[in-house]
Amino acid sequence: MNNPLEYSFNEIKIGLEHHFEISIDEKLEGDFAKISGDFNPLHMDEQYAKKTKFGKRVCHGMLLGSFFSRLVGMYLPGKNALYFSQNLNFVEPCFIGDIVIVKGKIINKSESTKMIKIETTIKNNTGKLLVEGIAQVLVR
């Protein structure tokens with residue numbers, strides 16, 4: 001999807017949600033390492049990662065967190081979004097090869113400030129919570 005949705009402030013209702021899936025593959029992980037400059041061996045070196053408590057390579061947590069930008073800027077609310085803040089709690093690790101579901105749900109809106117609060121979550125395809133947080137977004 002290259003064209004964002006375009007919810008106006010009045011169209012946004014508490015409980016409105018959107019989600020999408022992403023496959024965490026080798027290319028995505030490598031591209032994120034190049035962009036971020038984070039080449040920690042836990043993310044990049046299978047032999048090193050095997051010796052850790054995780055037993056295999058762990059996806060960058062901030063790669064997962066970056067998907068909330070897509071959620072807000074493309075879907076919820078989409079074109080009229082201006083990110084104000086986002087908190088993140090990394091609950092469980094994500095691994096190369098996982099499929100993740102990125103979800104947002106409107107939990108509050110302020111008429112006076114035109115701000116919405118979005119409960120943001122990322123789960124793997126077995127339903128395990130990986131990342132949770134709250135986004136605050138100004139709807140222009």
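Everything below is about the structure printed above this text.
The structure contained in this document is the topic of the report that follows. (Residues numbered from 1 in each chain as written. Predicted model: local features only at pLDDT ≥ 70, side-chain atom pairs only at ≥ 80, totals over all residues. Heavy atoms only, no water.)

## A closer look at the overall build of the chain
So, step 1. In terms of regular secondary structure, the chain is built from four helices and six strands.
So, step 2. For the chain, with 140 residues in total, the buried portion stands at 36%.
So, step 3. When the accessible surface of the chain is totalled, it reaches about 7,800 Å², and 51% of it is carbon and sulfur.
So, step 4. In the chain, the 18 positive side-chain charges and the 16 negative ones have mean positions that sit 3 Å from each other. (Helix = DSSP H or I, 4+ residues; strand = E, 2+ residues; numbered from the N terminus. Buried < 20%, exposed > 50% of the residue type's maximum accessible area, 1.4 Å probe, protein only. Areas by Shrake-Rupley, 256 points an atom, 1.4 Å probe, with all protein chains shown as cover. Lys, Arg positive; Asp, Glu negative; His and termini not counted. Charge placed at Lys NZ, Arg CZ, Asp CG, Glu CD.)

## Observations regarding the pattern of salt bridges
So, step 1. Applying the stated criterion across every chain, the model contains four salt bridges.
So, step 2. One salt bridge in this structure joins glutamate 26 and arginine 57, with 2.7 Å as the shortest N-O distance. Of the two residues, glutamate 26 is situated in helix α1 (residues 26–36) and arginine 57 in the loop between α3 (46–50) and α4 (61–75); the sequence distance between them amounts to 31 residues.
So, step 3. Residue glutamate 26 is classed as partly exposed on the basis of its relative accessible area of 47%. (Salt bridge = Lys/Arg side-chain N within 4 Å of Asp/Glu carboxyl O.)

## Comments concerning the state of the cysteines
So, step 1. Per the counting criterion, the structure on display carries zero disulfides.
So, step 2. Sulfur of cysteine 59: no disulfide; nearest cysteine sulfur belongs to cysteine 94 and is 4.3 Å away.
So, step 3. Cysteine 94 sits in the buried class, given a relative accessible area of 1%. (Disulfide = S-S within 2.5 Å.)

## Quick look at α4
For an α-helix, the turn length of 3.6 residues means that residues three or four places apart are oriented alike.
So, step 1. With 15 residues, α4 extends 22 Å from end C-alpha to end C-alpha; this agrees with the ideal 21 Å at 1.5 Å per step.
So, step 2. Where α4 is concerned, the buried positions are Leu63, Leu64, Gly65, Phe67, Phe68, Leu71, Val72, Met74 and Tyr75. (Expected span 1.5 Å × (residues − 1).)

## Describing the packing of aromatic side chains
So, step 1. Taken as a whole and judged by the stated rule, the model has one aromatic pair.
So, step 2. Against the face of phenylalanine 95 rests lysine 56, its NZ or CZ located 4.6 Å from the ring centre. (Phe/Tyr/Trp six-rings, centres within 6.5 Å; stacked < 30°, edge-to-face > 60°. Lys NZ or Arg CZ within 6 Å of the ring centre and 35° of its normal.)

## A few points about the side chain of aspartate 98
So, step 1. Considering the arrangement of structural elements, one finds aspartate 98 in the loop between β3 (89–90) and β4 (99–110).
So, step 2. Buried charge without a partner: aspartate 98 forms no salt bridge, and the closest opposite charge is lysine 56, 5.6 Å away.

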